[in-house]
Amino acid sequence: MFIEYTWLVPLIPMLCFLIIGLVGRKTPEKGGYIAIAGALIAFIIAALISYEYLTGDVYPDPVSSEIAWFSIGDITIHLGYYVDGLTCLMMLFSSFISTLIFIYSIGYMHAEGGRKTRYYAEVSLFLTGMLGLIVSSNFLEMFIFWEVMGLCSYLLIGFWSFRHNDGDAASANAASAAKKAFLVTRMGDVCLMAGLFILLGEFHSLDYATLFDPANIANADSNMLMLGMLLVFGGVIGKSAQFPLHDWLPDAMAGPTTVSSLIHAATMVKAGVYLVARAYPLFVQNADVMLFVAIIGGVTAFFAATMALNNYNIKKVLAFSTISQLGYMILALGAGGYLVALGMQNGDSALIAAGVAGYTAGCFHMMNHAFFKALLFMCSGSVIHSCGTEDMRQMGGLGKKMKITSITMLLGSLSIAGFPLFSGFWSKDLVIEIVMEAGHDGTVWFMVLWALAVITAFMTAFYMFRMWFMTFAGEEGHATQHAHGESPKTMTVPLMILSVFAVVSGFFIMFGLDSMVCFDVTSAGFVVGGGHSEGFEYFVELFTNPYTWLTIVLALLGIGIAYLMYAKGTVDPGKFNKNGESRLYKILQNRWYFPEFYNQVSWKLGYGIAKGINYVDRQVIDGTVNGLSASVVGGGDSMSRMQTGNVHDYSSVVLLGVAILAVLFVVIAMITGVM
């Protein structure tokens, strides 16, 4: 009785967007309470749908309902919803975290005055885009909501284009950051659109039910399918900020911290990971595609972590950590898919089972990351709200003035660092374990990726606690001395709620979460969910695996080094980086010079192409149109001069015309021999 109302999940925030836009200025908090109500109602409906589906007789088979939208020849495009285990997981954490972020916004955006109406309308539309993408029943519907999120990210990143208080010249121009995010993600979107055209040509449909049918997949051209999935993954690279299109995400920190929390935890960048998980039946048809996916994820995780090591902007450190953790998710899905592809080719059920664990690990880490990253960003917003700066060098000693924020951020940092029994520990180690499994059963590439993942785990623990110690420990900095203390309850209560999930959400895997987001390969098709829950076996497997203890030791080592450097002060960081003058330090400080590379490409390639297009537009297209119009106007002017109103002139013209025709008749007759 609830599943048939799945379409309400994105519709409720959409209605809130319209209501806020029309009457938001006349309501308390300029539409804030309407946005909160919309997100909360969407969460309640999602919870009811998920409960009914997961406890119903139809589970784990997906439930979908569609209506015809339009037809082109023999192709019919539908509108509808598609509910399976992945849909339920994404609906629940996206709507729940968004509700907490909207509540947090009441305190964080309190001083924005009339601009709050625009803000709450845009975040409601942002949530609409994510929820609509999640419940869509086909790729075209998904792509529409995908673009809605792209528009909202542009509007919200540039929300503070009129001002920015952190004094950071690199992020002060929010308008430029918004344009950069919009243009870079559009590059990926063009690839995604091209991939969808290829899929449409092969399957004559974009419905999930049609594309995921093994019989239809078997009839498709394998080379075209491979090309289509590589292009689809290009969209993932853009939206989820994967290498080499990762550099837009740190600059997106120019927007409000609540927007950063939405983008990094509940919406936007999670859409790319969701797309890989949703299209898994198509991705796993080619092992080389999955190897490419895994390489992009592993390289992204490593490179992004290196750029967080010496950054002093609290939000950008978290932005780089998001890129790195997204790389972990893509790496897990790629490694798992590679094993599934090999297992399907060789008929090896053991390989398929191992690969399914990679799918579960990627989705599991996506959920855990949503909780602790929302917590970390909202904690950073609480710090900025109190201090008025994002520069960690001006902080220090804030733990005494902001106890709730410091404790909750400590819990979030422990989770992302992979501290034992915190949520990030469970999923991160499952990711690393599946990469090692792929290394044993696949190619040497995965051993390299495993090494990068382990090193990344060490760097993550170090830079997260470098951030925490610089902010909350040590001597009071200039900003701390002028900080006004703890944030209001509208901000701290969501922090406390999220901190609970940052600690315990990892244990969900012991209570059936793995069976909800497993990937089952059957003769009848591909099914998400319905597998056997391993439960306590995950606990035993992790703690009996020697590689788990390696990552634990490295995480503790990273925390310890950060403590010695930035809390106790017994180790001088300047000895390692030559006081900021070492070549490696400068490379990391300049983000491996990717911004400069993008600028050079834009100016030398993009600007040249733009000039050429501008020339064609102005000289060829406009010149042709203008020339035709000028000839018509000029001809009209010439003809108008002949209209003298004198009968004698008109008679002369007629006689002249008759004479010319007579001469032509005689000439033609002589040529043809008639005369």
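If you're wondering where the values come from, they're calculated on a predicted model, not measured in any experiment.

A few points about the overall build of the protein chain
Here's step 1: For the protein chain, the count of helices and strands is 29 helices and four strands.
Here's step 2: Referenced to the eigenvectors of the C-alpha coordinate spread, the extents of the protein chain come out at roughly 115 × 65 × 55 Å.
Here's step 3: Counted over contacts in the protein chain with a minimum sequence separation of 6, partners at least 24 positions apart contribute 80%.
Here's step 4: Entry remark: accessible area of the protein chain is about 27,300 Å², with carbon and sulfur atoms responsible for 67%.
Here's step 5: Seen as two clouds, the 33 positive and the 44 negative side-chain charges of the protein chain have centres 18 Å apart.

Thoughts on the side chain of Glu433
Here's step 1: Among the secondary structure elements, Glu433 is positioned in helix α19 (residues 423-441).
Here's step 2: Despite its burial, Glu433 pairs with no opposite charge, the nearest such side chain being Lys428 at 12 Å.
Here's step 3: Other than its neighbours up to four places away in sequence, Glu433 contacts Glu541, Leu542 and Asn545.

With respect to unusual backbone geometry
Here's step 1: The amide bond that connects Tyr59 to the next residue, Pro60, takes the cis arrangement and shows omega of 10°.
Here's step 2: Looking at the secondary structure, you find Pro60 in the loop between α2 (32-55) and β1 (63-72).
Here's step 3: The omega torsion across Phe243 and Pro244 is 5°, close enough to zero to call that bond cis.
Here's step 4: Note that Pro244 resides in the loop between α10 (222-239) and α11 (248-251).
Here's step 5: Positive phi values are uncommon outside glycine, yet Lys30 reaches one of about 55°.
Here's step 6: What makes Lys30 partly exposed here is its relative accessible area of 29%.

With respect to the environment of Gly24
Here's step 1: Its place among the elements puts Gly24 in the loop between α1 (8-23) and α2.
Here's step 2: In this view, Gly24 contacts Ile19, Lys30, Gly31 and Thr117; residues no more than four positions away in its chain are not counted.

Focus: the packing of aromatic side chains
Here's step 1: Applying the stated criterion across every chain, the model contains 39 aromatic pairs.
Here's step 2: Seen from their ring centres, Phe425 and Trp426 are 5.5 Å apart, and the 70° between their planes marks the pair as edge-to-face.
Here's step 3: Note on Phe425: relative accessible area 0%, which makes it buried.
Here's step 4: By relative accessible area, Trp426 is classed as buried at 1%.

A word on the packing of α19 against helix α24 (residues 536-543)
Here's step 1: Interaxial distance between α19 and α24 falls to 11 Å at its minimum, and their mutual angle equals 65°. Read as a crossing pair, α19 and α24 show a hand that is left-handed. Counting all contacts with α19, which are made through Phe425, Trp426, Asp429, Leu430 and Glu433, the residues of α24 involved are Tyr538, Phe539, Glu541, Leu542 and Phe543.
Here's step 2: Tallied by class, the residues present in the contact of α19 with α24 amount to seven nonpolar, no polar and three charged.

Some points on the side chain of Thr456
Here's step 1: Tracing the sequence through the fold places Thr456 in helix α20 (residues 445-472).
Here's step 2: At 2.6 Å, the side chain of Thr456 forms a polar contact with the backbone oxygen of Leu452.
Here's step 3: Those residues in contact with Thr456 that lie beyond four places of it in its chain are Ala301, Phe302, Ala305, Ser324 and Tyr328.

Here we look at the pattern of salt bridges
Here's step 1: For the structure on display, the rule yields 11 salt bridges.
Here's step 2: Notably, a salt bridge pairs Glu29 with Lys116, separated by 3.0 Å at the nearest N-O pair. Residue Glu29 is located in the loop between α1 and α2, and its partner Lys116 is located in helix α4 (residues 115-135); the two are separated by 87 residues in the primary sequence.
Here's step 3: Measuring nitrogen to oxygen at the nearest pair gives 3.9 Å for the salt bridge that ties Asp429 to Lys428.
Here's step 4: A relative accessible area of 3% places Asp429 in the buried class.
Here's step 5: Through salt bridges with shared partners, a single ionic network connects Lys180, Asp247, Asp251 and Arg591.

With respect to α2
Here's step 1: The first and last C-alpha atoms of α2 sit 35 Å apart over 24 residues, in line with the 34 Å expected at 1.5 Å per residue.
Here's step 2: Within α2, the full set of buried residues consists of Gly32, Ala35, Ile36, Gly38, Ala39, Ala42, Ile45, Ala46, Ile49, Ser50 and Tyr53.
Here's step 3: Buried residues along α2 sit against α1, β1, β2 (75-83), α3 (85-108) and α4.

Regarding helix α28 (residues 594-641)
Here's step 1: Taking 1.5 Å of rise per residue, the 48 residues of α28 would be expected to cover 70 Å, and the 65 Å separating its terminal C-alpha atoms lies within 8% of that figure.
Here's step 2: Its maximal kink placed at Gly623, α28 deviates by approximately 40°.
Here's step 3: Restricting attention to buried positions, one finds in α28 the residues Phe594, Pro595 and Tyr598.
Here's step 4: Among the structural elements, α7 (174-203) are those in contact with the buried residues of α28.

Structural notes on the environment of Val269
Here's step 1: Structurally, Val269 is set in helix α13 (residues 269-278).
Here's step 2: In this structure the C-alpha to C-alpha distance between Val269 and Ile323, which are 54 residues apart in sequence, comes to 8.9 Å.
Here's step 3: If near-sequence neighbours (up to four positions away) are discounted, Val269 is found in contact with Lys239, Ser240, Trp248, Leu249, Ile263, His264, Thr322 and Leu326.

Thoughts on the environment of Asp637
Here's step 1: With respect to the helices and strands, Asp637 occurs in helix α28.
Here's step 2: Once the C-alpha coordinates of Asp637 and Leu564 are considered, the two residues, 73 residues apart in sequence, prove to be 87 Å apart.

Remarks on the nonpolar core
Here's step 1: Counting 216 residues, the largest nonpolar core has Ile97, Phe139, Leu199, Leu282 and Phe283 as the members making the most contacts within it.
Here's step 2: Of the residues forming this core, the biggest block, 22 residues, is contributed by helix α17 (residues 349-387).
Here's step 3: Setting aside anything within four residues of it in sequence, one finds Phe283 in contact with Met229, Val232, Phe233, Leu275, Val276, Val289, Met290 and Val293.

As for a negative patch on the surface
Here's step 1: Together, Asp348, Glu437, Asp441, Glu537 and Glu541 give the surface a local cluster of negative charge.
Here's step 2: Those elements that provide at least two residues to the negative patch are α19 and α24.
Here's step 3: With respect to the helices and strands, Glu541 occurs in helix α24.

What about a nonpolar patch on the surface?
Here's step 1: Taken together, Ile67, Trp69, Phe70, Ile72, Leu79 and Ile144 make up a surface patch of nonpolar side chains, about 550 Å² in accessible area.
Here's step 2: Broken down by element, the nonpolar patch gets its largest block of residues, four residues, from β1.
Here's step 3: As for its position among the elements, Ile67 is in strand β1.

Some points on the packing of α10 against helix α15 (residues 287-308)
For any two helices packed against each other, the geometry is given by the interaxial angle and the distance between the axes.
Here's step 1: Two numbers describe how α10 lies on α15: the axes approach to 10 Å, and their chain directions differ by 15°. As summarised for this structure, α10 and α15 are arranged roughly parallel, according to the angle between their axes. The handedness of the crossing between α10 and α15 is right-handed. Listed contacts from α15 to Met226, Met229, Leu230, Phe233 and Ile237 of α10 are Val289, Phe292, Val293 and Ile296.
Here's step 2: Grouping the constituent residues of the contact of α10 with α15 by class yields nine nonpolar, no polar and no charged.

As for the confidence of the model for the protein chain
Here's step 1: Taken over all residues, the pLDDT of the protein chain has a mean of 89, while the share at 70 or more is 97%.
Here's step 2: Note that pLDDT drops below 50 for residues 164-171; the model gives that stretch 15 contacts with residues more than four away or on any other chain.

Examining the pairing of β1
Here's step 1: Of the strand pairs in this sheet, β1 and β2 are connected by nine bridges, and their pairing is antiparallel. By the bridge assignment, Ser71 is partnered in β2 with Thr76.
Here's step 2: Hairpin connection of β1 to β2: two residues between the antiparallel strands, including Gly73 at a positive phi of 65°.

Analysis parameters
Residues numbered from 1 in each chain as written. Predicted model: local features only at pLDDT ≥ 70, side-chain atom pairs only at ≥ 80, totals over all residues. Heavy atoms only, no water. Helix = DSSP H or I, 4+ residues; strand = E, 2+ residues; numbered from the N terminus. Contact = heavy atoms within 4.5 Å. Areas by Shrake-Rupley, 256 points an atom, 1.4 Å probe, with all protein chains shown as cover. Lys, Arg positive; Asp, Glu negative; His and termini not counted. Charge placed at Lys NZ, Arg CZ, Asp CG, Glu CD. Buried < 20%, exposed > 50% of the residue type's maximum accessible area, 1.4 Å probe, protein only. Salt bridge = Lys/Arg side-chain N within 4 Å of Asp/Glu carboxyl O. Phe/Tyr/Trp six-rings, centres within 6.5 Å; stacked < 30°, edge-to-face > 60°. Axes fitted to C-alpha atoms, helices over the stretch in contact; angles between N-to-C directions. Left-handed = near helix turned anticlockwise from the far one by under 90°. Nonpolar A, V, L, I, M, F, W, Y, C, P; charged D, E, K, R; others polar. Polar contact = N/O pair within 3.5 Å; in protein donor to acceptor, adjacent residues only side chain to side chain. Expected span 1.5 Å × (residues − 1). Bend = angle between axes of the 7 residues up to and from the residue. Core = buried A, V, L, I, M, F, W, Y, C linked by side-chain atoms within 4.5 Å. Patch = residues over 30% accessible without salt bridge, like charges linked within 9 Å, V, L, I, M, F, W, Y side chains within 5 Å. Parallel < 35°, antiparallel > 145°, perpendicular 65-115°, else oblique. pLDDT = per-residue confidence, 0-100. Pairing = 2+ DSSP bridges.

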